[in-house]
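Results of the structural survey
Here is what each chain is made of, one letter per residue.
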Amino acid sequence: MNLGDFNDLEVAREVDFGLYLTSDDGDLLLPRKYVEPGTQIGDVVRVFVYRDSEDRLIATNLEPLARVGQFAALSVRDVTTTGAYLDWGLEKDLLLPYRNQRRNLRPGERVTVFVYLDEASDRIVASAKWEWFLSDQPYPGKVGDAAELFVAEETDLGFKMLVDGTHQGLVYHNEVFKPLRLGDVLPGFVRTIRPDGKLDLSLQRPGYDEALAATDTLLAALRQAPNGLLPLGDKSLADDVYRRLGMSKKVFKKALGALYKQGLVQLAPEHTQLLHPEE
């Protein structure tokens, strides 16, 4: 049986307060409130297994916000002499021991953690020292590759990201044009692979592909605008450009230039007119 993960277990017997499921580690309770209607003895049910407040194995059909072996951004529910207790979507909160913290936490904060099974206590715990659990192998990709980015931490330089769940990278503040929250998962691209193995990242496709994609996006927005008139131009605010088109002001100006050279638009300081919008 996998503690801290989902298991397919057989119903062994029924009691007033739930069902007992059989496993190699002994029978464990699925409380009555988590029993699906019509479940009978002998059925196999899929349940998440963890420990209750008395350290007994217990099952639930709730979906936790993280399983053993996963990274997650979780909210601090309480802080005690033992450590911080995190809301991970189950009745019993997840312990983040003091030894696994990088700084003191307060209720209501969000923190990025790695969830693992402590071998000494056989308990599921979290660690805010998530970098310890990344791969020690060189990044297998190359510059320009697309990647899935997980927002792990904000620093003075930018946002630390988990790259494909295995490596660490950074998106600099001047590359970010929308609010980011710990735990957000978004597409990105590898800009540089540094000698120390860490990655510089971009939220927009670099180089020619980026400009080409932005040109297509801008042209589509112009065609959808009333009379082909988009209230964005060379003098528009960067925030307005990003809010409407999802691109930086720099990329927007490149796309404007490309459409102008093609004779498709007429430019003004604060608006852009598509020529022949009916086509």
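The paragraphs below set out a description of the structure included in this document. (Residues numbered from 1 in each chain as written. Predicted model: local features only at pLDDT ≥ 70, side-chain atom pairs only at ≥ 80, totals over all residues. Heavy atoms only, no water.)

What follows concerns the environment of glutamine 40. Within the secondary structure layout, glutamine 40 lies in the loop between strand S3 (28–31) and strand S4 (44–51). Owing to a relative accessible area of 53%, glutamine 40 belongs among the exposed residues under this scheme. Along the primary structure glutamine 40 and glutamate 10 are separated by 30 residues, whereas in three dimensions their C-alpha atoms are 9.7 Å apart. (Helix = DSSP H or I, 4+ residues; strand = E, 2+ residues; numbered from the N terminus. Buried < 20%, exposed > 50% of the residue type's maximum accessible area, 1.4 Å probe, protein only.)

What follows deals with the sheet that holds strand S12 (residues 158–163). Strand order around the closed barrel formed by five strands is S11-S12-S13-S15-S14, with mixed pairing between neighbours. The average angle at which neighbouring strand axes cross in this sheet is 55 degrees, direction not considered. Bridge count between strand S13 (residues 167–172) and strand S15 (residues 199–202): two bridges; the pairing is parallel. Paired with leucine 170 across the strands is aspartate 200, a residue of S15. (Pairing = 2+ DSSP bridges. Axes fitted to C-alpha atoms, helices over the stretch in contact; angles between N-to-C directions.)

Our focus in this paragraph is the packing of aromatic side chains. For the structure shown, the criterion picks out eight aromatic pairs. Pairing phenylalanine 48 with tyrosine 50 gives two aromatic rings, centres 6.1 Å apart and planes at 40 degrees, and the pair type is tilted. Note on phenylalanine 48 and tryptophan 88: the rings are 5.8 Å apart at their centroids and 80 degrees apart in plane angle, and the pair reads as edge-to-face. Here phenylalanine 48, found in strand S4, pairs with tryptophan 88, found in the loop between strand S7 (83–87) and strand S8 (94–97); they are 40 residues apart in sequence, far enough to count as distant. Since its relative accessible area comes to 2%, tryptophan 88 is described here as buried. Following the ring pairs from residue to residue traces out a cluster consisting of Phe6, Phe48, Tyr50 and Trp88. Directly above the ring of tyrosine 20 sits arginine 13, whose terminal nitrogen or CZ lies 4.2 Å from the centroid. (Phe/Tyr/Trp six-rings, centres within 6.5 Å; stacked < 30°, edge-to-face > 60°. Lys NZ or Arg CZ within 6 Å of the ring centre and 35° of its normal.)

These figures come from the coordinates and say nothing about function on their own.
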